[in-house]
Amino acid sequence: CGWGCRGSGARGAGLPRSGGAAAARAGVSLIAAIGGPAMDRFVEAARRGGVPPSAIHRFVDSRTAAGAVAGLLRPGDVVLVKGSRGTRTDVVVDHLVAVA
């Protein structure tokens, strides 16, 4: 699953929300959210925090996201890839490195 799935109880459920809110406060200009229900909570918190819907891109898996994310980036962009082993965000990183 995605962000925060291994947490337990209210803390586990709150991790995606706090992460989305933190992303909004940080002023990120693009979110590529990969995964299931936990990422839905992350995205919703980012939207509520002020990240425009046009800056949020949802993907069900990393293979689908890899090429799309590479196409969204521009020279000089700073990228943070965060995810669980189950989500396989390493696939996205490998693709970004290969096309850089």
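Each remark here, short or long, concerns the structure printed above.
What this report covers is the structure whose coordinates are included nearby.

Cut-off values and rules
- Residues numbered from 1 in each chain as written.
- Predicted model: local features only at pLDDT ≥ 70, side-chain atom pairs only at ≥ 80, totals over all residues.
- Heavy atoms only, no water.
- Helix = DSSP H or I, 4+ residues; strand = E, 2+ residues; numbered from the N terminus.
- Buried < 20%, exposed > 50% of the residue type's maximum accessible area, 1.4 Å probe, protein only.
- Contact = heavy atoms within 4.5 Å.
- Areas by Shrake-Rupley, 256 points an atom, 1.4 Å probe, with all protein chains shown as cover.
- Pairing = 2+ DSSP bridges.
- Axes fitted to C-alpha atoms, helices over the stretch in contact; angles between N-to-C directions.
- Parallel < 35°, antiparallel > 145°, perpendicular 65-115°, else oblique.
- Left-handed = near helix turned anticlockwise from the far one by under 90°.
- Nonpolar A, V, L, I, M, F, W, Y, C, P; charged D, E, K, R; others polar.

### A short note on the overall build of the chain
Alright, step 1. Secondary structure assignment for the chain yields four helices and two strands.
Alright, step 2. Listing the helices and strands of the chain from first to last along the sequence gives α-β-α-β-α-α.
Alright, step 3. Here the chain holds 100 residues, and 32% of them are scored as buried.
Alright, step 4. Within the chain, counting contacts between residues at least 6 apart in sequence, those at least 24 apart form 61% of the total.
Alright, step 5. Summed over its atoms, the accessible surface of the chain is roughly 6100 Å², and 56% of this surface lies on carbon and sulfur atoms.

### Quick notes on the pairing of strand S1 (residues 31-34)
Alright, step 1. Of the strand pairs in this sheet, S1 and strand S2 (residues 56-59) are connected by four bridges, and their pairing is parallel. Across the sheet, the residue bridging to Ile34 is Phe59, located in S2.

### With respect to the packing of helix H3 (residues 62-72) against helix H4 (residues 90-99)
Alright, step 1. Two numbers describe how H3 lies on H4: the axes approach to 8 Å, and their chain directions differ by 30°. The angle between the axes of H3 and H4 places the two elements in the roughly parallel class. As H3 runs across H4, the sense of the crossing is right-handed. Along its contact with H3, which presents Ser62, Arg63, Ala65, Ala66, Gly67, Val69 and Ala70, the element H4 presents Val91, Val92, His95, Leu96 and Val99.
Alright, step 2. Of the residues in the contact of H3 with H4, the class split is eight nonpolar, three polar and one charged.

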